[in-house]
Amino acid sequence: MASFYLAVLLIALTPCRLEAVEDIVRFDCYPDDGATQQLCEARGCAWEETQNPKAPKCFYWAPYGYRMDGNIRDTALGSSVTLRRLNTPARYVNSADVDPVTLDVEMHTAKRLRIKFYDGDNQRFEVRDKMPHIPAATGKAPSQEYIVSFRQSGPTSAFALRVTRTATRAALWDTSVGGLTFSDQFLQISTKLPSSYVYGFGEHERDNYRHNMDWRTWGMFTRDEAPGPPSNGVNKNLYGMHPFYLCVEDDGKAHGVLLLNSNAMEVALQPTPAMTFRTIGGVLDFYMFLGDGPEDVVRQYTEFVGRPFMPPYWGLGFQLCKWGYGSLDVVKDVVKEMQDFNIPHDVQYGDIDYMERQMDFTIDPVNYQGLPEFVDQIRRDGMRYVIILDPAITTNETEPYPPYTNGTELDVWIKNGDDTSQPLIGKVWPYYPGVTVDPDAEWDYKVENYNAYSVFPDYFHADIDRWWGNFIKDFYNTLKFDGLWIDMNEPTNFVHGSVNGCSNNKWDNPPYLPKILGPNIYSKTLCMNSEHGGTKHYNTHSLYGWSQAEPTQKALREVTGKRGIVFGRSTFPSAGHFEGHWLGDNTAKWDHLHKSIIGMLDFGLFGMPYVGADICGFWDDSTPDLCQRWMLLGAYYPFSRNHNWEGGSPQHPTHWDGAIADAARDSLQTRYTFLPYLYTLFYQAHTQGSTVVRSLMHEFIEDKHTWSIDRQFLWGPALLISPVLDQGAMDVTAYFPKARWYDYYSVNSERQGREVADAGQGRSLSLPCDMDCIPVHIRGGHVIPTQGHANTTVYSRRKPLGLIVALDEAGEASGSLFWDDGEDIDTVGSNSYRMITFSVTATTLDITVERDGYTPDPELHYETIQVFGSPAMPTDVTVNGQNAMDNIVKKTADKVWHLEGLSLSMAEDHKITWTLPDNNASGAEVSRARPVALLLAAMAVVLANVNGHVFT
């Protein structure tokens with residue numbers, strides 16, 4: 001560890017134009033449309049043609065930015081310095097430059113630092129003020145794993161900041177490339193990076209998990225936009241906003257950076273490697289997290305923004321939804337079909353068609369008559385019911401509509417920026433009362449002629465619990481829902497800005513518009529000058545969905561007394577503390593299988609492990625083959641739900657005359673078998689901040705091939721999923737990093753537990769895979785708890801337990817099991833859970849109850865223990881000292897044996913010991929013997945050479 005220091009380094013930064021400037025050292029000085037040489041040079045920048053159409057012609061060259069003014073000042077948390085703007089032209093005439101700018105560097109922990117540029121003379125909007133749950137730093141860390149240097153060569157040179165990893169001297173940040181800008185409505189900073197392995201930023205659809213650094217720009221501003229390819233040259237900004245990235249350094253160390261800013265922004269990536277942040281408000285408030293690897297970075301990040309919520313056990317079961325079932329009778333038929341085909345089905349949904357004309361806190365009295373009674377019945381049968389709620393509230397009802405009248409009394413609406421005594425009025429759901437809608441009319445015609453006026457709740461309002469929370473609680477008295485799905489909360493508006501448009505003001509017409517969709521900043525949402533959260537919607541727009549999540553979770557837990565699930569469409573850093581997320585309105589097309597994996601990996605980085613895509617696709621009609629492959633993949637989404645749109649054909653697993661039912665049932669039954677392991681992963685995410693679905697590189701960072709893999713993924717450290725993602729394919733190429741890997745194949749028991757050949761050094765293998773298969777492999781060195789499957793988790797949780805012991809090269813393995821009642825609100829905080837560890841060394845499995853704060857009723861028992869990777873069949877097996885050879889079953893796969901017919905109480909410690917034939921030493925014995933033999937041989941050589949003796 002090196003102590004932190006700040007120093008002004010006298011380095012030569014004097015510009016020197018070369019004959020030609022390489023593309024990779026150019027940093028764009030004119031990201032606006034319409035760049036010309038005259039406009040470029042008017043900004044004090046250089047212009048030079050290039051053969052690469054992606055590289056900028058206008059770029060920074062002469063000193064541009066800020067200089068240090070005065071001495072570096074020590075603070076309680078680190079250091080502070082005043083920056084003065086260099087004498088260069090203003091960026092935008094109508095966006096006043098901030099001068100001076102204050103830079104604070106805060107050393108929060110040994111691995112976390114904060115770098116904040118702000119206006120020390122005037123208060124500007126800061127996201128941090130809206131996040132009281134994020135812990136404040138209490139003092140400067142006594143030691144740090146980073147060095148921060150301030151650099152400037154002279155009074156007219158540009159200031160630069162450099163962050164270096166102490167141990168390796170890798171430069172994690174280096175802003176010496178220039179271009180620092182801090183004006184009222186345009187803030188920019190560029191930095192070089194230590195490598196091109198960059199991940200994160202969202203929410204977007206991308207072709208790969210690892211970012212392409214070839215001059216790509218990604219806008220971030222929450223928007224109701226379905227995933228899809230670029231539109232008019234703009235990479236689509238989707239529902240959420242996550243200005244957080246992970247960078248893996250060349251040696252496998254990693255760091256993450258969060259820009260805690262909610263204004264519209266973009267990040268430009270270039271092959272230097274480098275990136276540029278541009279935002280149009282707030283402050284530049286960066287948090288950097290240094291990790292030993294990617295998983296360590298995510299743990300630190302979630303420690304800061306908030307650990308992920310713990311889902312209820314039933315929330316890991318299979319879930320089914322459709323917008324537009326049309327009637328309760330159809331829902332009943334679907335539920336019965338699932339039961340008739342014996343397909344696991346834990347959660348049924350109500351999309352907006354359960355409501356009366358899509359109005360919150362209502363039930364369609366005709367098409368969904370009897371819904372409360374139906375929900376009561378399926379809950380008695382062990383199922384759960386989740387309903388959708390949208391934020392916008394109609395104002396045009398001919399009869400009193402309590403959510404509107406009460407909200408008006410409490411004054412909870414976002415206000416019109418031109419007349420703050422009035423709410424902003426837009427249009428969402430429902431249609432006007434008493435009108436007949438032409439179903440064939442165009443969308444814009446419907447919005448103009450049929451959609452009612454709407455107001456938008458301000459979820460930052462002091463009385464939001466009295467309004468939103470109380471209506472949730474009141475509605476629960478009518479309909480016993482178990483979870484809440486909050487949608488349309490970007491927020492969505494079917495007209496642009498308001499029913500009267502937006503006035504000509506600086507908020508709705510900023511001098512620079514980041515690379516986001518739409519002709520203006522208020523496209524498909526609210527006017528930016530609206531009053532929202534004590535400031536302008538310009539500042540809080542991308543916080544809207546995030547601000548709705550916490551009061552929704554609070555109300556759900558208060559009224560049900562249980563954990564429940566909340567999941568939302570629009571998210572922001574720390575949302576995972578309150579809710580899960582589905583990846584939005586995807587499409588029934590083959591490439592969206594692959595992109596769903598990328599989305600899950602992204603949201604794992606963002607601290608939102610409870611995530612999944614709409615299985616079989618939301619838009620367009622799915623096909624049996626596509627849906628079958630998607631059901632197999634979706635069985636391994638943490639949030640596993642099949643869902644599609646109002647006009648789409650049915651795609652639930654029993655559709656198509658049951659053509660995909662068998663494959664769906666088998667894959668979901670395998671999921672349910674692994675639920676104890678998955679639930680334990682969520683406990684680890686909730687308490688330690690680890691990922692659930694993770695990239696292979698999180699576990700095999702030493703293998704650089706894994707840094708670009710995104711067609712496979714892991715559940716935790718031990719379960720590798722390699723789905724078929726391409727139409728018509730009957731095989732899949734899977735990469736196996738260096739480890740022992742065992743085949744877990746639910747539809748072919750003869751292969752279960754067979755070791756993958758030649759995976760000791762890491763290699764790609766082509767695996768045959770018909771339409772009923774998805775390759776799943778277990779990593780050696782791990783013990784995975786399992787349980788018998790059932791059609792709901794209420795019943796599967798009562799089934800016998802099992803253990804899969806997958807031995808590594810040393811013949812060892814370990815694992816754990818977290819078990820509680822599955823739904824109480826804070827079993828971890830109250831210690832109302834059972835924690836069990838499993839450890840295998842020297843042909844002995846120890847099962848140890850580390851904490852016994854919960855007793856299931858009835859008590860559970862281990863019934864089977866499967867051992868993968870044994871050198872041979874054991875000659876003797878004892879369980880708690882008693883001979884158990886009568887319980888042993890040999891499987892056909894090599895190196896596999898099972899103990900079956902056991903009845904070992906989950907509440908007790910157990911010891912299982914086995915003896916191998918003399919000529920089949922355990923992996924541990926071989927592992928230990930080899931270095932000893934080598935050491936003895938070496939000693940013999942040394943003694944013989946030095947003393948002339950023979951060593952025997």
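Residues numbered from 1 in each chain as written. Predicted model: local features only at pLDDT ≥ 70, side-chain atom pairs only at ≥ 80, totals over all residues. Heavy atoms only, no water.

In the annotation of an unreviewed UniProt entry, the protein is listed under the name MGAM protein and assigned to Branchiostoma lanceolatum. Reading the Sequence similarities (unreviewed entry) entry of the UniProt record for the protein gives the comment "Belongs to the glycosyl hydrolase 31 family." (UniProt positions renumbered as here; feature names shortened; annotations may be inferred.)

Caption draft 1: Structural detail: the overall build of the protein. Along its length, the protein carries 15 helices and 54 strands. For the protein, whose C-alpha radius of gyration is 30 Å, the value lies close to the compact-globule estimate of 30 Å for 952 residues. In terms of its C-alpha atoms, the protein occupies a principal-axis envelope of roughly 90 × 85 × 50 Å. The buried share of the protein, taken over its 952 residues, is 62%. Here the analysis covers contacts within the protein between residues at least 6 apart in sequence; of these, 71% occur between residues at least 24 apart. Surface accessibility of the protein: about 34,200 Å² in total, with carbon and sulfur atoms responsible for 47%. Separation of charge centres in the protein, based on 80 positive and 119 negative side chains, amounts to 5 Å. (Helix = DSSP H or I, 4+ residues; strand = E, 2+ residues; numbered from the N terminus. Rg over C-alpha atoms; globule rule 2.2 N^0.38 Å. Buried < 20%, exposed > 50% of the residue type's maximum accessible area, 1.4 Å probe, protein only. Contact = heavy atoms within 4.5 Å. Areas by Shrake-Rupley, 256 points an atom, 1.4 Å probe, with all protein chains shown as cover. Lys, Arg positive; Asp, Glu negative; His and termini not counted. Charge placed at Lys NZ, Arg CZ, Asp CG, Glu CD.)

Caption draft 2: Local environment of the sheet that holds strand 6 (residues 101-107). Ordered in space as 4-5-6-7-19-16-15-13, the 8 strands form an open sheet in which the pairing is antiparallel. Both edges of this open sheet fall to strand 4 (66-74) and strand 13 (197-202), since each of them pairs with a single strand only. If you compare each strand with its neighbour and ignore which way they point, the axes differ by 15° on average. Pairing geometry for strand 16 (residues 254-259) and strand 19 (residues 284-291), over 6 bridges, is antiparallel. By the bridge assignment, L259 is partnered in strand 19 with F286. With respect to the sheet, helix 2 (residues 294-305) is in contact with strand 7 (112-118), strand 15 (242-248), strand 16 and strand 19, its orientation differing from that of strand 19 by roughly 135°. (Pairing = 2+ DSSP bridges. Axes fitted to C-alpha atoms, helices over the stretch in contact; angles between N-to-C directions.)

Caption draft 3: Inspection of the packing of aromatic side chains at higher detail. Tallied over the full model, the rule gives 62 aromatic pairs. Here the aromatic rings of Y313 and W819 are separated by 5.4 Å at their centres, their planes lie at 65°, and the arrangement is edge-to-face. Placement of Y313 in the loop between helix 2 and strand 20 (319-320) and of W819 in strand 45 (residues 813-819) is noted, with a sequence separation of 506 residues between them. Summarising the burial analysis for this pair, Y313 and W819 share the class buried. With a centroid separation of 4.8 Å and 80° between ring planes, the pair formed by F618 and W619 is classed as edge-to-face. Residue class for F618 comes out buried when judged on its relative accessible area of 4%. In this structure an aromatic cluster arises from ring pairing among F361, Y404, W413, Y459, W467, W468, F471, F475, Y476, F481 and Y544. The ring of Y476 carries K480 above its face, with NZ or CZ at 5.1 Å from the centroid. (Phe/Tyr/Trp six-rings, centres within 6.5 Å; stacked < 30°, edge-to-face > 60°. Lys NZ or Arg CZ within 6 Å of the ring centre and 35° of its normal.)

Caption draft 4: Broad picture of the sheet that holds strand 27 (residues 451-455). Strand order in the open sheet formed by 3 strands is 23-27-26, and the pairing between neighbours is antiparallel. The open sheet has two edge strands with one neighbour each: strand 23 (393-394) and strand 26 (426-431). Bridge count between strand 26 and strand 27: 3 bridges; the pairing is antiparallel. Across the sheet, residue K427 finds its bridge partner in strand 27, namely Y453.

Caption draft 5: Just helix 11 (residues 624-634), in detail. Of all 11 residues making up helix 11, 9 are buried, and the element is well covered by its neighbours. Taken together, the buried positions of helix 11 are occupied by L626, C627, Q628, R629, W630, M631, L632, L633 and G634. Those residues of helix 11 hidden inside the fold are in contact with helix 10 (591-605), strand 34 (614-615), strand 35 (641-642), helix 12 (661-673) and strand 37 (713-715).

Caption draft 6: Spatial organisation of the packing of helix 12 against helix 13 (residues 675-688). Their axes nearest at 5 Å, the elements helix 12 and helix 13 cross at an angle of 55°. Considering the angle they form, helix 12 stands oblique to helix 13. Between helix 12 and helix 13, the residues in contact are R671, Y672 and T673 and L675, P676 and L678, respectively. Residue composition of the contact of helix 12 with helix 13, grouped by class: 4 nonpolar, 1 polar and 1 charged. (Parallel < 35°, antiparallel > 145°, perpendicular 65-115°, else oblique. Nonpolar A, V, L, I, M, F, W, Y, C, P; charged D, E, K, R; others polar.)

Caption draft 7: Expanded view of the state of the cysteines. Throughout the structure, instances matching the rule amount to 5 disulfides. Disulfide partner of C40: C58, at an S-S distance of 2.1 Å. Between C40 and C58 the disulfide shows an S-S torsion of about 90°. By sign, it is right-handed. Linking C40 in helix 1 (residues 37-42) with C58 in strand 3 (residues 58-59), this pair joins segments that are 18 residues apart in sequence. Take C58: its relative accessible area is 2%, and that puts it in the buried class. Here C502 is linked by a disulfide to C527, with a sulfur-sulfur distance of 2.1 Å. Handedness here is read from the sign of the S-S torsion; for C502 and C527, about -100°, the answer is left-handed. (Disulfide = S-S within 2.5 Å.)

Caption draft 8: Here's a closer look at the nonpolar core. Grouped together as the largest cluster of nonpolar side chains are 256 residues, with contacts concentrated most on F117, W173 and W715. No other element matches the 8 residues that helix 13 contributes to this core. Setting aside its immediate chain neighbours within four residues, W173 contacts I115, L161, R162, V163, I189, T191, K192, Y245, V257, F277, F286 and M288. (Core = buried A, V, L, I, M, F, W, Y, C linked by side-chain atoms within 4.5 Å.)

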